[in-house]
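Given next are the chains, with one letter for each unit.
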Amino acid sequence: MKKILLLLMILAVFVPFSQATENAEKVSMSEAVKIAEENNLDIKSSRLGSDIELNKIKAANRLQNPSFGTFYNIGNAGKGNPQQLGISQTLEIAKRGLRKNLQEANYELMNRNIEYLEADLKMDVREAYTNLLATKSILTTMQKQEELLKNMLETAKSKYKTKEVSEIDVLQAQLLLNQIITEVTSAKYNVKTSLYQFNKVINSPEGFYDTKEDSFTKDYNPLFIPNPAAKMPDFDRISKQAMNNRTDIKIALQGIEVAKKNLSYVLRQKVPDLEITGGYSYQNPGQSGDGEFKNGAFVAANIVNIPILYNYSPEIKNAKLELEQAQLNYKSTENKALNDVKKAYEKFLTAQLNLKNYNEQLLSSSEELIKASRKSYKEGKIDLTTLITMEESYRMISVAYTYALADYYNAWNSFIREVNDDDFRIDEDV
């Protein structure tokens, strides 16, 4: 695995970076979500399941097909006895409506599952979009650092020519530049990987897509993401809203409904059905006894499927167990959902605090420090070793800030996923 990764990174040096994205269509986050919703092959497949369940409702509402039969006596057995042609029909007693209700509940359950998959897909696309944008932002940061280090190398060479510094400064600057070039190569590979992952999530045969933006900007604000300084509402308020919105809880509730209807239908199997038979009856002249042709009709009724030898006890026991199972699953889903919401809530608070710290302290301070350090080196006030230390610290802070920004966006995505509300907003005046 390591050899494959190394080979791909080496190829990235020789293959132009634009080659991976030159044919990609630039789309915004909302456009990417729309494309996925309309063209994602997994969603299309799941929607076919809804059509299948709808057809099952029609099948569940069916009437039993009739049977055609004949009763013909041969030879002396027919003397005085009629021949018969008739149709028999089995009438289900109090079962058809329950069977249809059960299938309608299954149809609703299928639609709830599709709703869950569609909501999950939207969040997956948003996260993949954010992750791709994060890797592109890190690449941009690295490339800017590469340009600055090239300038630092030229400054070191100029100073060496004028005998202001030794050759060691040039070698150090070149070494640091070589290091950042390697990191840029790795960053390009990460962008390509994220790009393919983004398209894998969209899973559309219609095209190949890329983010509209090339890095995080002040205008990038998906899903009404709040300011890092905004105060989040209390968790109790959020949790109540989430429990009402979450699709997985609705699915679990619908699972209970399906189990209840299934139990009702299974219990009704103990009710016997009615079989009605009717038709045409006749006697030929040679068998009528008086030499005349006689005809008429006949009707008969039977009670069938009487639960004497088999009373559906195993099916009833299983239906009761399935109802109990569905109720436990609902409780379990509720407990897990509450924990997931709490986890997403705390994750966002942490990401919010981290980003606020970068915005208010680390980023501005490090930018001022690196500018002063570069100026001081040019003026000969500090040596290259000190500047390199400052450059390394600044690069680490710049990259970490980009990660913190990506974590902030992804934490908000996760929070929106868990509360299941795309329109969730924070009153930033609180």
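Everything discussed here concerns the structure shown above.
To start, this report covers the structure provided alongside it. Here the residue numbering is sequential within each chain, running from 1 through the sequence in written order. Where local features are concerned, this predicted model is filtered to residues with pLDDT of at least 70; where side-chain atom pairs are given and counted, the filter is 80 or more; whole-chain, interface and lining totals use all residues. Based on all heavy atoms of the structure, the side-chain values leave hydrogens and waters out of the count.

1. Regarding the packing of helix H2 (residues 29–39) against helix H3 (residues 41–60)
Then, in step 1: At a closest axis distance of 6 Å, the pairing of H2 and H3 adopts a crossing angle of 45°. Overall, the two elements H2 and H3 adopt an arrangement that is oblique. Touching Glu37, Glu38 and Asn39 of H2 are Leu41, Ile43, Lys44 and Arg47, all from H3.
Then, in step 2: The residue inventory of the contact of H2 with H3, partitioned by class, reads 2 nonpolar, 1 polar and 4 charged. Only the stretch in contact is used when a helix axis is fitted, and all axes are lines through C-alpha atoms; the angle between N-to-C directions ranges over 0 to 180 degrees. The way it works is that DSSP assigns letters per residue, a run of H or I at least four long becomes a helix, a run of E at least two long becomes a strand, and they are numbered from the N terminus. For this classification, under 35 degrees means roughly parallel, over 145 means roughly antiparallel, 65 to 115 means roughly perpendicular, and everything else is oblique. Contacts between residues were defined by any pair of non-hydrogen atoms, one from each residue, lying within 4.5 Å. When residues are sorted by character, Ala, Val, Leu, Ile, Met, Phe, Trp, Tyr, Cys and Pro go into the nonpolar class, Asp, Glu, Lys and Arg into the charged class, and all the rest, Gly among them, into the polar class.

2. Regarding the pairing of strand S5 (residues 273–283)
Then, in step 1: Pairing of strand S3 (residues 83–91) with S5, which is carried by 9 bridges, proceeds in the antiparallel orientation. Across the sheet, residue glycine 86 finds its bridge partner in S5, namely glycine 279.
Then, in step 2: Bridge count between S5 and strand S6 (residues 294–304): 11 bridges; the pairing is antiparallel. What sits directly across from glutamine 283, in S6, is lysine 294. Two strands qualify as a pair provided that DSSP identifies no fewer than 2 bridges between them.

3. A few points about the packing of helix H5 (residues 167–202) against helix H9 (residues 384–419)
Then, in step 1: The N-to-C vectors of H5 and H9 enclose an angle of 15°; their axes lie 10 Å apart at closest approach. When the interaxial angle is binned, H5 and H9 end up roughly parallel. In the packing of H5 onto H9, the handedness of the crossing is right-handed. For the pair H5 and H9, the contacting residues are Asp169, Gln172, Ala173, Leu176, Gln179, Ile180 and Glu183 in the first and Leu384, Thr385, Ile388, Glu391, Glu392 and Arg395 in the second.
Then, in step 2: Here the contact of H5 with H9 is built from residues that sort into 5 nonpolar, 3 polar and 5 charged. Each crossing gets its hand from how the near helix is turned against the far one by less than a right angle, where anticlockwise is left-handed and clockwise is right-handed.

4. Thoughts on the side chain of threonine 211
Then, in step 1: Topologically, threonine 211 is positioned in strand S4 (residues 209–211).
Then, in step 2: Here's how the labels work: a residue is buried when its accessible area is under 20% of the maximum for its type, exposed when over 50%, partly exposed in between, all with a 1.4 Å probe on protein chains only. Residue threonine 211 is classed as buried on the basis of its relative accessible area of 0%.
Then, in step 3: Definition of a polar contact: a pair of N or O atoms within 3.5 Å, with one able to donate and the other able to accept a hydrogen when the atoms are protein atoms, and with sequence-neighbouring residues admitted only if both atoms are side-chain atoms. Among the polar contacts listed, one links the side chain of threonine 211 to the side chain of lysine 136, at a separation of 2.7 Å.
Then, in step 4: A polar contact of 2.7 Å, which involves the side chain of threonine 211, links it to the backbone oxygen of glutamate 213.

5. Regarding the sheet that holds strand S2 (residues 67–71)
Across a sheet, strands are paired by hydrogen bonds formed along the backbone, either parallel or antiparallel in direction.
Then, in step 1: The strand order S2-S3-S5-S6 describes an open sheet built from 4 strands, whose pairing is antiparallel. The sheet terminates laterally at S2 and S6, the two strands that pair on one side only. Recorded for the sheet is a direction-independent mean angle of 20° between the axes of neighbouring strands.

6. Observations regarding the nonpolar core
Then, in step 1: Of all hydrophobic cores here, the largest spans 83 residues; its most connected members are Val125, Phe198, Trp412 and Phe415.
Then, in step 2: Of all the secondary-structure elements, those providing two or more residues to this core are H2, helix H4 (96–161), H5, helix H6 (235–245), helix H7 (247–268), helix H8 (313–378) and H9.
Then, in step 3: Beyond its immediate chain neighbours, meaning those up to four positions away, valine 125 contacts Ala32, Val33, Ala36, Phe198, Val201 and Ile202.
Then, in step 4: Here, the term nonpolar core denotes a set of buried Ala, Val, Leu, Ile, Met, Phe, Trp, Tyr and Cys residues that are joined through side-chain atoms within 4.5 Å. Counting 7 residues, the second largest nonpolar core, distinct from the first, contains Leu98, Leu102, Ala105 and Tyr265.

7. Concerning a nonpolar patch on the surface
Then, in step 1: Within the patch definition used here, like charges are joined within 9 Å and nonpolar side chains (Val, Leu, Ile, Met, Phe, Trp, Tyr) within 5 Å, considering only residues with over 30% relative accessible area and no salt bridge. Method for areas: the Shrake-Rupley scheme with a 1.4 Å probe, in which residue coverage is limited to the protein chains shown. The salt bridge criterion pairs a side-chain nitrogen of Lys or Arg with a carboxyl oxygen of Asp or Glu, the two atoms within 4 Å. On the surface, Phe68, Leu85, Ile87, Tyr280 and Phe293 cluster together into a nonpolar patch covering about 510 Å² of accessible area.
Then, in step 2: Looking at the secondary structure, you find phenylalanine 68 in strand S2.
Then, in step 3: Of the residues examined, phenylalanine 68 reaches a relative accessible area of 64% and is grouped as exposed.

8. Digging into H4
Then, in step 1: Every helix has an expected span of 1.5 Å times one less than the residues it contains. Spanning 66 residues, H4 covers 97 Å between terminal C-alpha atoms, matching the ideal 98 Å at 1.5 Å per step.
Then, in step 2: Positive backbone phi, approximately 65°, marks lysine 163, located one or two places after H4.

9. Considering the pattern of salt bridges
Then, in step 1: Summed over the entire model, instances satisfying the criterion amount to 25 salt bridges.
Then, in step 2: For glutamate 53, the salt bridge is made with lysine 56, and the minimal N-O distance between the two is 3.4 Å. With a gap of 3 residues between them, glutamate 53 and lysine 56 both fall in helix H3, about one helical turn apart.
Then, in step 3: Take glutamate 53: its relative accessible area is 12%, and that puts it in the buried class.
Then, in step 4: Within the structure, one salt-bridge network assembled from shared partners comprises Lys26, Lys136, Asp210 and Asp214.

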